Amino acid sequence: MVSHLLILFCLAAATPALAADGLDAAAGRALFHRAWISAPSSQFFDGGLGPLYDARSCNSCHAGGGAGRVGVDAIGAGMIVRLGQRDGSGDPVYGPQLQTHALPGLEPEADVNLHWQDRDDLRVAKIDFAQFHYGVLDTRTRAALRRAPSLFGLAQLASVPDAEILSRAGDHDDLHGRPSWVVDAHGHRALGRWGWKAGEADLAVQIDLAFQRDFGISTTAHPAAAGECTRAETQCVRAAPGVRVELPDSLRDLIVAYVLSLPAPPPRDETSAGFALFRRSGCLECHAVLTAADGTFVHAYSDLLLHDLGPGLDDGIAEGGAKAAEWRTAPLWDVAGGLAAGGLLHDGRARSIAEAVSWHGGEASRARAVFNALSSNDRNMLEHFLLGH
């Protein structure tokens, strides 16, 4: 096996980012853009892509570090089909994520068609399964789209102390933000802050999970060589290589370094009339400005807590400690990038800021009502603030 140190220098030499980002981030950038291939042709280590997978590179989902692209009539790059049930479990046969690609000689888990439909002038995704290749879907299992979130500014979000997040939890009028407690890699209780439902406390763990589900590549945290394949998917299990850890922690950590090097978007003008309207509407209560450990402000506009957003965003899939209608407050500092990639919200259904707000029910109902009551001029000013204009 090639030395990991030699790998690091080879990867760093392949990217011009070395001087700007440092050795680890530069090597991580190369890994982030690398198209993974199947065993035994993988260049640097045993094992490789598959047997089943959804993507070949990190960059194919998070192009340039941005959000996943929303497809018009197919699953877009950087979007996956999430499977789950109200008790938080995945499907007994297909697990928590559907893999729609397979290595030669194998079948993907399912052939999927996507159609967008209008419901009360709002767009919703309709997922049709032309065929399942490993058995029937459990009748309790629900399917929904998830898009890859923007990765810009994660270092600033990571710098926010747990105490700052927890200080905002609890009941405040109609708001009931609560922390997402998870068990970390060491078996300790930790505060989740990553993912649409704050299901992970550590970026390295989040990336480990992506390699298992998106690429079928095993890590220390997920050593099964067959990726996410269950025992019921015998064809996939038999096709898996014999190795246990295909991506060493040392290489995974380089990707973490690169992701943390991606800068936060430029700050919004908080002296503007648009910001005043954002505050007056009540949006700032959840889409908050947090304080980092060094006392600087993090203008991501998220409290990183879970909130119940009502039946419109309840897709029947619980995750970790988050219920089906609960979502981590999404950061808003890359709204323009999300729209450029085809839409907003966890599945890209919203074609505008106004549509995204319209889906907010539950704890956000009052803020939605205030937003909807704004004059067209005031609404435009608020939207221009969020878009960074």
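Residues numbered from 1 in each chain as written. Predicted model: local features only at pLDDT ≥ 70, side-chain atom pairs only at ≥ 80, totals over all residues. Heavy atoms only, no water.

Undergrad: What is the right way to look at the pairing of strand 11 (residues 189-192) in this model?
TA: Bridging between strand 10 (residues 180-183) and strand 11 involves four bridges; their strand directions are antiparallel. Paired with valine 183 across the two strands is arginine 189, which belongs to strand 11. Counting the residues in the hairpin turn of strand 10 and strand 11 gives five residues, including glycine 187, whose phi is positive at 80°. (Pairing = 2+ DSSP bridges. Helix = DSSP H or I, 4+ residues; strand = E, 2+ residues; numbered from the N terminus.)

Undergrad: Where do I start with the environment of phenylalanine 129 in this structure?
TA: Relative to the elements of secondary structure, phenylalanine 129 occurs in strand 6 (residues 122-132). Along the backbone, phenylalanine 129 and aspartate 111 are 18 residues apart, and their C-alpha atoms lie at a distance of 5.8 Å. Apart from residues lying up to four places away in sequence, phenylalanine 129 is in contact with Val81, Leu98, Ala110, Asp111, Val112 and Ala143. (Contact = heavy atoms within 4.5 Å.)

Undergrad: Got a minute to help me understand the sheet that holds strand 2 (residues 79-84) in this structure?
TA: In any sheet, the strands associate via hydrogen bonds between backbone groups, in a parallel or an antiparallel arrangement. Taking strand neighbours across the sheet as the criterion, the three strands line up as 3-2-7 in an open arrangement whose pairing is antiparallel. The open sheet terminates on both sides in strands that have one partner only, identified here as strand 3 (97-98) and strand 7 (142-147).

Undergrad: I would appreciate a short explanation of the nonpolar core in the present structure.
TA: Looking at soluble globular proteins, one finds that nonpolar side chains tend to be buried together. By size, the foremost hydrophobic cluster in this structure holds 39 residues, and its most contacted members are Trp36, Leu157, Phe211 and Phe215. Mapped by element, the contributors of at least two residues to this core are helix 3 (23-33), helix 4 (58-61), helix 5 (154-158), helix 7 (203-215) and helix 9 (249-261). Ranked by the residues each element gives to this core, the list is headed by helix 9, at six residues. Those residues in contact with phenylalanine 211, other than ones at most four positions away along the chain, are Trp36, Cys58, Gly216, Ile217, Thr219, Leu247 and Ile255. (Core = buried A, V, L, I, M, F, W, Y, C linked by side-chain atoms within 4.5 Å. Buried < 20%, exposed > 50% of the residue type's maximum accessible area, 1.4 Å probe, protein only.)

Undergrad: When you look at the confidence of the model for the protein chain in this model, what are you seeing that I'm missing?
TA: Interpretation of the predicted coordinates at a detailed level should be avoided for regions scoring low in pLDDT. Averaged over all residues, the pLDDT of the protein chain is 91; the fraction at 70 or higher stands at 92%. Counting interchain partners and residues more than four positions distant, the pLDDT-below-50 stretch residues 1-6 has six contacts. (pLDDT = per-residue confidence, 0-100.)

Undergrad: What exactly am I supposed to notice about the pattern of salt bridges here?
TA: Where charged atoms of side chains with opposite charge meet at close range, the side chains can pair. Under the definition given, this model contains 17 salt bridges. The salt bridge involving aspartate 314 is made with arginine 86; its shortest N-O contact spans 3.1 Å. Residue aspartate 314 is located in the loop between strand 14 (306-308) and strand 15 (326-328), and its partner arginine 86 is located in the loop between strand 2 and strand 3; the two are separated by 228 residues in the primary sequence. Using a relative accessible area of 26% as the deciding quantity, one classes aspartate 314 as partly exposed. For arginine 86, a relative accessible area of 56% corresponds to the exposed category. Within this structure, Asp208, Asp249, Arg252 and Asp253 form a network of salt bridges that share partners. (Salt bridge = Lys/Arg side-chain N within 4 Å of Asp/Glu carboxyl O.)

Undergrad: Is there a simple way to think about helix 7 in this case?
TA: Note that an α-helix has 3.6 residues per turn; residues three or four places apart therefore point the same way. Given a rise of 1.5 Å per residue, 13 residues ought to cover 18 Å, and the 17 Å separating the end C-alpha atoms of helix 7 matches this to within 8%. Of all 13 residues that make up helix 7, 10 are buried, and the element is covered over most of its length. Regarding helix 7, the residues found buried are Leu203, Ala204, Ile207, Asp208, Leu209, Phe211, Gln212, Arg213, Asp214 and Phe215. Elements in contact with the buried residues of helix 7: strand 1 (52-53), helix 4, strand 2, strand 3, helix 5 and helix 9. One or two positions beyond helix 7, positive phi appears at glycine 216, with a value near 70°. (Expected span 1.5 Å × (residues − 1).)

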